[in-house]
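# Per-entry structural report
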Amino acid sequence: MFPIDLLDGAHDGTPPSQNSPLLQGLNDEQRAAVTLPQGHALVLAGAGSGKTRVLTTRIAWLLQTGQVSPGGIMAVTFTNKAAKEMNTRLSAMLPYNVRGMWIGTFHGLCNRLLRAHHQAAGLPATFQILDTQDQLSAVKRLCKQYNVDDERFPPKQLTWFIAGCKEEGMRPKDVVAADPDTKKKVELYQLYEEQCQREGVVDFGELMLRSFELLRDDAALRAHYQRRFRFILVDEFQDTNKLQYAWLKQLAGEMVNGQLQGSSSVLAVGDDDQSIYAFRGARVGNMSDFVREFGVQHQIKLEQNYRSYGNILDSANALIEHNSQRLGKNLRTDQGAGEPVRVMESPTDLDEASWIVGEIKDLVRNDGYSRQEIAILYRSNAQSRVIESKLFNAGIPYRVYGGMRFFERAEVKHALAYLRLIENPHDETSFLRVVNFPARGIGARSIETLQETARAAGCSLSDAVTAVGGAAGTKLQGFVAKIDVLREDTEGKTLRQTIERMLEVSGLIDFYSTEKEGADRIENLKELINAAESFVTQEGFGKDAVALPVDETGKALTQSPASQGIDSSLPMLDLPLGGVGATAGTDAETGETLSPLQAFLVHAALEAGDNQAQAGQDAVQLMTVHASKGLEFDVVFIGGLEEGLFPHENAMSDKGGLEEERRLMYVAITRARKRLYLSHSQSRMLHGRTTFNLPSRFLDELPEGALKWLSAKGGFGSFAPKIAAAGAYGAGARGQFGSYTPKGPEIFANPVVPVQKAVPGHGIVKGKSVFHTKFGEGKVLAVEGTGDDARAQISFPRHGTKWLALAIAKLTVVD
DNA sequence: ATTCATTGCTTTTTT
DNA sequence: AGCAATGAAT
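Residues numbered from 1 in each chain as written. Chains lettered and ligands numbered in written order. Predicted model: local features only at pLDDT ≥ 70, side-chain atom pairs only at ≥ 80, totals over all residues. Heavy atoms only, no water.

### Examining the overall build of chain A
Where we set the bar: Strands are runs of DSSP state E lasting at least 2 residues, helices are runs of H or I lasting at least 4, and numbering of each runs from the N terminus. For every residue, the accessible area (1.4 Å probe, protein chains only) is compared with the maximum for its type, and the residue is labelled buried under 20%, exposed over 50%, or partly exposed between those bounds. We call two residues contacting when some pair of their heavy atoms lies within 4.5 Å. Surface exposure here means Shrake-Rupley accessible area, sampled with a 1.4 Å probe, where a residue is shielded only by the protein chains that are shown.
Along chain A, the regular secondary structure elements total 26 helices and 23 strands. When the 815 residues of chain A are sorted by exposure, 55% land in the buried category. Taking as baseline every contact in chain A between residues at least 6 positions apart, the subset at least 24 positions apart corresponds to 75%. When the accessible surface of chain A is totalled, it reaches about 33700 Å², and 51% of it is carbon and sulfur.

This is the structure we're talking about:
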């Protein structure tokens, strides 16, 4: 369907030096992609085909051959991680620095655009960004104000509705509301917008939508950026939603009779087979739309895989073949077949976990694999629990990805709220978050009065405090005065000093130091200071901003970009953000500079921080399949390959659901370099009850020749080789296998690690020293309870005395 | 204001 | 089952 279009790099008549060191080691397809001539192009980059390398080399190539200066390049990604990776690689490849380019996430770049043109966009210069939590609390507040029945309109659903509308590019007036429920939602959407506007805040969707509208409605501005960005590169194009696609079109040129006209070149890199975010609005269809509307001339497929052995790729290829909606692509490798893909069936999820743990022990002990090169992937987060407990009991270090991110933690959010109030006393989300935290006797009643007063007077909460009388009024005024003092105190101070002062004045530190679980919260607040410090250093605040000469057309000014005066000390937000001939840091209209504090707050919202657990040394990696995208490991376990779980039953409702699940499986398989294990269990504890599931249909879709069934080993081999016997424990067999409930001794013959309940002694005894991954070494003061309920009281020198549940806390006995 | 009890939710997730 | 968030009781 898509012909491979190998280009020799000499189409535009001026053959660039094909022997450039940049092109060394690239295969023909990669080289063709890197040296593409001007014009729009689509690169279908299979898993492990060197996609990031192609993207970065392409940029380096464009610069090196003088086709464009850094200012003429935009590279868009989805995650901060990907953007960072691109930056890092580019800095390594290029002799000069990378700052002049616009490299970032969609939201990051939108933020940049809106900062530069906040006036045209109708936003205050210091607008702040609401994350998902903030958005939810804003909606809750709204619902309360308008007495919305939160049974019928759960705030969470409203936030989904609003985000969904924005992703589709729809303002309240654009939504077709047929039924009264939708009408009500649209009404609330409208009110929510007004509230955000009043408070000077934007949510993630708004960043995208607002900057799209800015470009759409301001022809001069649009023309400027269209001229500036000669080359636009988009990573993970299959994950773009409708709005992001429309946004790209605005930057790339003008639509004339359904065809895009413009002088810029858009390179979209993606893999339709790895599209796993349709559930949150991604449109794979953007790929074919792109080809049609942009009049794409060149399509290149990167099918050479440098990651996995043949059996793994054969499995991936065979599986994805079952999808009908594909552009068509087959991965190949020179590495040989490698080991077969191992498949295992276990009677229960506990056995499955035990088996995985045993296998990992062998891999590490006998085969010399390092733990961090082993990943356990699962469809849903709930599955990690069992595996974690088995790993823990076996004393194998592991790391779970996902969960709370740094800037999302309650104490950090509290601190950020105070900081936001310093900048903007009218930020009501922040105001309400901390007006009574730490508790200062301002109850719900007082707040209600304040809200009524503010509404009556048509002013913000903080302005309304003086109008509230009585004891409540005094307390409220005290709070506002506290913030005012803080604002004056920190005027002109460094970010570090500001945060330290805030922690003191707010009473947060005092509060947490009296809390019993407060020690690690204080730790996190201290960490906030560190985060701010490294933000300041990295972003180069405090150094003089240097003007960057911007060529109108974005064309190379000189052959040596190093001489263009790009200064690495330029903070990203200070860059001349367009506006014709803008000068960084000074131009009041376009290059307005944020204070370090403001910039840090933006950073905190836009980049929620690492969500990895302790960056432990050599630990087995646990994560959902979604989280594994873009990563690779020597050994991969995929657990829970059962109907209803993977493919997940909730995903099967819509027509594309099964295919998306299959792509998810495809992503999972292609993470493995050397060895792949697939596993399913006959029964599983799910939502508190034991369920019995058939093996996943995906197992049927793999090539028999690439697989090796291990189940025989355990005595359940009678069911293998597999699916032919599937009916035997199908729906009719539900009762029959009821006795496999995880109770009593292990039925299964491969129990490398004894079941938890069989171990009354966890080794943790009064008087012993234990090690906790976070708190360090501590002494056991007491032990209580048995089995899963066992708890120990442990005294840590740096974190005080804590009660820890042994089933949860990661403790190892120190001899 | 703090603590305890009840209720609801539970696919995947970035920004 | 387990957790978070809400509501009632002290």
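### Focus on the UniProt feature "binding site: ATP" (unreviewed entry) in chain A
The line we're drawing: UniProt positions are given in the numbering used here, feature names are shortened, and annotations may be inferred rather than shown by experiment.
Mapped onto this numbering, the UniProt entry annotates "binding site: ATP" (unreviewed entry) at Ala45, Gly46, Ala47, Gly48, Ser49, Gly50, Lys51 and Thr52. Here Gly48 is to be found in the loop between strand 1 (41-45) and helix 2 (51-64). Residue Gly48 is classed as buried on the basis of its relative accessible area of 17%. If near-sequence neighbours (up to four positions away) are discounted, Gly48 is found in contact with Gln304, Asn305, Tyr306 and Arg307. Tracing the backbone through its elements, the reader meets Lys51 in helix 2. Apart from the residues within four sequence positions on either side, Lys51 is in contact with Ala45, Asp235, Glu236 and Val269.

### Remarks on the layout of surface pockets
Rule in force here: For each structure, a 1 Å grid was placed over the protein atoms alone; sets of points admitting a 1.4 Å probe that cannot get out are labelled cavities, open sets with protein on both sides within 12 Å along at least five of seven lines are labelled pockets, and lining residues have an atom within 4 Å of a point. Grid points are joined across faces, edges and corners, and a volume is the space filled by probe spheres set on the points. Classification used: nonpolar for Ala, Val, Leu, Ile, Met, Phe, Trp, Tyr, Cys and Pro, charged for Asp, Glu, Lys and Arg, polar for all others including Gly.
Considering only enclosed or pocket space, the second largest pocket measures out at about 880 Å³ in volume. For the lining of the second largest pocket, the secondary structure elements donating two or more residues are helix 5 (132-145), helix 7 (180-199), helix 16 (428-434) and helix 17 (444-457). Per-element accounting of the lining of the second largest pocket gives the leading share, 7 residues, to helix 17. Classifying every residue of the lining of the second largest pocket by side-chain character gives 7 nonpolar, 10 polar and 10 charged.

### A look at the protein's contact with DNA strand B
We count it as follows: Each residue is tested against the molecule or strand, and it is near if at least one of its non-hydrogen atoms lies within 4 Å. Polar contact criterion, stated in full: a pair of N or O atoms within 3.5 Å, where within protein one must be able to donate a hydrogen and the other to accept it, and residues adjacent in sequence count only if both atoms are side-chain atoms.
Taken together, 22 residues lie around DNA strand B, and Asn80, Arg379, Asn381, Arg405 and Thr624 are the ones closest in. Looking at DNA strand B alone, sugar and phosphate atoms form 63% of those within 4 Å of the protein. A distance of 3.5 Å is found between a sugar or linking oxygen of DNA strand B and a side-chain nitrogen or oxygen belonging to Arg280. Per-class residue counts for the surface near DNA strand B are 6 nonpolar, 13 polar and 3 charged.

### A short note on the sheet that holds strand 3 (residues 102-105)
Selection criterion: When DSSP finds two or more bridges between a pair of strands, those strands are recorded as paired. As a rule, the C-alpha atoms of each element are fitted with a line to give its axis, helices using only the stretch in contact, and angles between N-to-C directions run from 0 to 180 degrees.
One open sheet accounts for 6 strands, arranged 3-2-6-9-1-10; its pairing is parallel. The sheet terminates laterally at strand 3 and strand 10 (298-302), the two strands that pair on one side only. On average, each strand axis in the sheet is inclined to that of its neighbour by 15°, with strand direction left out of account. Of the pairings in the sheet, the one linking strand 1 to strand 10 comprises 5 bridges and is parallel in character. Following the sheet pairing, Leu44 is matched in strand 10 by Lys301. Across the sheet, helix 3 (residues 80-93) touches strand 2 (73-77) and strand 3, and the angle it forms with strand 3 is around 150°.

### Brief notes about the protein's contact with DNA strand C
Inspection of the region around DNA strand C gives Lys140, Arg385 and Gly688 as its neighbouring residues. Contact between DNA strand C and Lys140: a phosphate oxygen at 3.2 Å from a side-chain N or O atom of the residue.

### Considering the nonpolar core
The nonpolar side chains of soluble globular proteins are, as a tendency, buried together. Formally: Among buried residues, those of type Ala, Val, Leu, Ile, Met, Phe, Trp, Tyr and Cys that are joined through side-chain atoms within 4.5 Å constitute a nonpolar core.
Ranked by size, the top nonpolar core spans 111 residues in total, and within it Trp247, Phe479, Ile499 and Phe600 carry the most contacts. Ranked by the residues each element gives to this core, the list is headed by helix 15 (residues 410-423), at 8 residues. Once residues lying within four places of it in the same chain are set aside, the contact partners of Ile499 are Leu419, Leu528, Ile529, Ala532 and Phe600. Leu319, Val343, Leu641 and Phe646 belong to the second largest nonpolar core, which has 37 residues in total.

### Topic: the confidence of the model for chain A
Put simply, the test is: The predictor rates its confidence in each residue with pLDDT, a number between 0 and 100.
Of all residues in chain A, 78% have pLDDT values of 70 or greater, and the mean over the chain is 80. Element-level pLDDT for chain A is lowest in strand 22 (residues 800-805), with a mean of 56, against a maximum mean of 97 in strand 6 (residues 231-234). Predicted confidence is poor over residues 1-15, with pLDDT under 50, and the contacts of this stretch with residues over four places away or in other chains come to 32 contacts. A low-confidence stretch, residues 713-756 stays under pLDDT 50, and its non-local contacts, those more than four residues away or across chains, total 74 contacts.

### Examining the packing of helix 19 (residues 470-490) against helix 20 (residues 495-506)
Filter applied, for reference: If an angle is under 35 degrees, it is roughly parallel; if it is over 145, roughly antiparallel; if it lies from 65 to 115, roughly perpendicular; otherwise it is oblique. Crossing handedness is read from the near helix: turned anticlockwise from the far helix by less than a right angle, it gives a left-handed crossing, and turned clockwise, a right-handed one.
At their nearest, the axes of helix 19 and helix 20 sit 10 Å apart, and the two run at 155° to each other. Judged by the inter-axis angle, helix 19 sits roughly antiparallel to helix 20. Note on packing geometry: the crossing formed by helix 19 with helix 20 is right-handed. Taken together, the residues of helix 20 that come into contact with helix 19 (itself represented by Lys482, Leu486, Asp489 and Thr490) are Thr498, Arg501, Met502 and Val505. Taken together, the residues that form the contact of helix 19 with helix 20 break down as 3 nonpolar, 2 polar and 3 charged.

### Description of the state of the cysteines
Disulfide: a covalent bond connecting the sulfur atoms of a pair of cysteines. Convention followed: In this description, a disulfide is simply a cysteine sulfur pair whose atoms lie within 2.5 Å.
Across all of its chains, the model carries 0 disulfides by this definition. In this structure Cys110 is not part of a disulfide, and its nearest cysteine sulfur, from Cys196, lies 16 Å away. Cys110 sits in the buried class, given a relative accessible area of 0%.

### What to know about the packing of aromatic side chains
So the rule is basically this: Paired rings are identified among Phe, Tyr and Trp, the last through its six-membered ring, by centres lying within 6.5 Å, and are further divided according to the angle between planes into stacked (under 30 degrees), edge-to-face (over 60) and tilted (the rest). Look at NZ for Lys and CZ for Arg. If either is within 6 Å of the ring centre and within 35 degrees of the ring normal, a charge sits over the ring.
What the rule picks out here adds up to 23 aromatic pairs. With 4.6 Å between their ring centres and 50° between their planes, Phe290 and Phe294 make a pair best called tilted. With a relative accessible area of 3%, Phe294 lands in the buried category. Counting every residue linked through ring pairs, the aromatic cluster contains Phe237, Tyr245, Phe290 and Phe294. When the ring centre of Phe127 is taken as origin, the NZ or CZ atom of Arg115, which lies over that ring, is 3.6 Å away. Directly above the aromatic system of Tyr277 lies the positively charged group of Arg280, at a separation of 3.7 Å from the ring centroid.

### Focus: the pattern of salt bridges
Heads up, the rule is: The salt bridge definition used is simple: a Lys or Arg side-chain nitrogen within 4 Å of an Asp or Glu carboxyl oxygen.
Applying the stated criterion across every chain, the model contains 57 salt bridges. Between Glu193 and Arg171 there is a salt bridge; the shortest N-O distance is 2.8 Å. In this pair, Glu193 sits in helix 7 while Arg171 sits in the loop between helix 6 (155-167) and helix 7, placing the two residues 22 residues apart along the sequence. In this structure Glu193 comes out as buried when scored by relative accessible area, which is 15%. Here the residues in one salt-bridge network are Lys166, Arg171, Glu193, Asp203, Glu206, Arg210 and Glu213, joined through shared partners.

### Observations regarding the pairing of strand 11 (residues 341-348)
Here strand 11 lies mainly inside the structure; 8 of its 8 residues are buried. By the bridge criterion, 3 bridges tie strand 11 to strand 18 (residues 707-709) in an arrangement that is parallel. Bridge assignment links Arg342 to a residue of strand 18, and that residue is Lys708. The pairing of strand 11 with strand 16 (residues 672-686) spans 6 bridges and is classified as parallel. If you follow Met344 over to strand 16, its bridge partner there is Ser679.

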